[in-house]
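Breakdown of the fold
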Amino acid sequence: MLALAMSDGLRDAQSVSVNGTTLAVRQTGQGDPVVLVHGSVSDLRTWSHVADELADSYTTIAYSRRFARPNPDIPEGAA
């Protein structure tokens, strides 16, 4: 996993490969896992404050969906 040098919730994000796609992920806390999925025009930072609050009781996993910041953009010419 590679730490991303970005601010505002992306600073401590890491990247993971899933089925050939690399996604930015931020994991905090301990306990039962809770996966936080952002909407279509945002990224994993949407959940920064919520994840920090939940981290007292849960392992929170927030990720940026494909093509959401800081993941790579849609390739030029892609359908």
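What you see is a predicted model; the values in this text were computed from it and never measured.

**Considering the overall build of the protein**
Along the protein, the regular secondary structure elements total 1 helix and 4 strands. Across the protein, helices and strands are ordered from the amino to the carboxyl terminus as β-β-β-α-β. Within the protein, buried positions represent 29% of all 79 residues. By sequence separation, contacts in the protein at least 24 residues apart represent 62% of the contacts at least 6 residues apart.

**A look at the pattern of salt bridges**
On inspection of all chains with the given rule, the structure shows 2 salt bridges. For D52, the salt bridge goes to R26, with nearest N and O atoms at 2.8 Å. You can see D52 sitting in helix α1 (residues 48-54) and its partner R26 sitting in strand β2 (residues 21-28), a full 26 residues away along the chain. R26 gets classed as buried once you look at its relative accessible area, which sits at 11%.

**Observations concerning the sheet that holds strand β1 (residues 14-18)**
Pairing is mixed in the open sheet, where 4 strands are placed in the order β1-β2-β4-β3. Because the sheet does not close on itself, it has two edges, and the strands there are β1 and β3 (32-37). Within the sheet, the average angular offset between the axes of one strand and its neighbour, ignoring direction, is 35 degrees.

**Digging into the environment of D12**
You can see D12 is positioned in the segment before β1. Taking the relative accessible area as the measure of exposure, D12 reaches 44% and is therefore partly exposed.

**Observations concerning the nonpolar core**
Side chains of a nonpolar character, in soluble globular proteins, are inclined to be buried together. One finds L10, A13, A24, L36, L44, A51 and A62 forming the largest nonpolar core, which totals 7 residues. Setting aside anything within four residues of it in sequence, one finds L36 in contact with W47, A51, L54, T60, I61, A62 and Y63.

Cut-offs used in this document
- One numbering rule holds for all chains: residues counted from 1, following each sequence as written.
- In view of the model being predicted, local features appear only for residues whose pLDDT reaches at least 70, and side-chain atom pairs are presented and counted only at 80 or more, with totals across whole chains, interfaces and linings using the full set of residues.
- With hydrogens and water excluded, all non-hydrogen atoms of the structure serve as input to the side-chain values.
- Here a strand is any run of E in DSSP of at least two residues, a helix any run of H or I of at least four, and the numbering for each starts at the N terminus.
- Exposed residues in this analysis have more than 50% of their type's maximum accessible area, buried residues have under 20%, and partly exposed residues fall in between, with area computed by a 1.4 Å probe over protein chains only.
- Contact between two residues is taken to exist if any of their heavy atoms lie within 4.5 Å; hydrogens are not considered.
- What counts as a salt bridge is simple: a side-chain nitrogen of Lys or Arg found within 4 Å of a carboxyl oxygen of Asp or Glu.
- One requirement defines pairing of two strands: DSSP has to find at least two bridges between them.
- Where helices are involved, their axes are fitted lines through C-alpha atoms of the stretch in contact, as for all axes, and angles between N-to-C directions lie from 0 to 180°.
- We define the nonpolar core as a collection of buried residues of types Ala, Val, Leu, Ile, Met, Phe, Trp, Tyr and Cys that are connected through side-chain atoms lying within 4.5 Å of one another.

In short, shape yes, function no, at least from these values alone.
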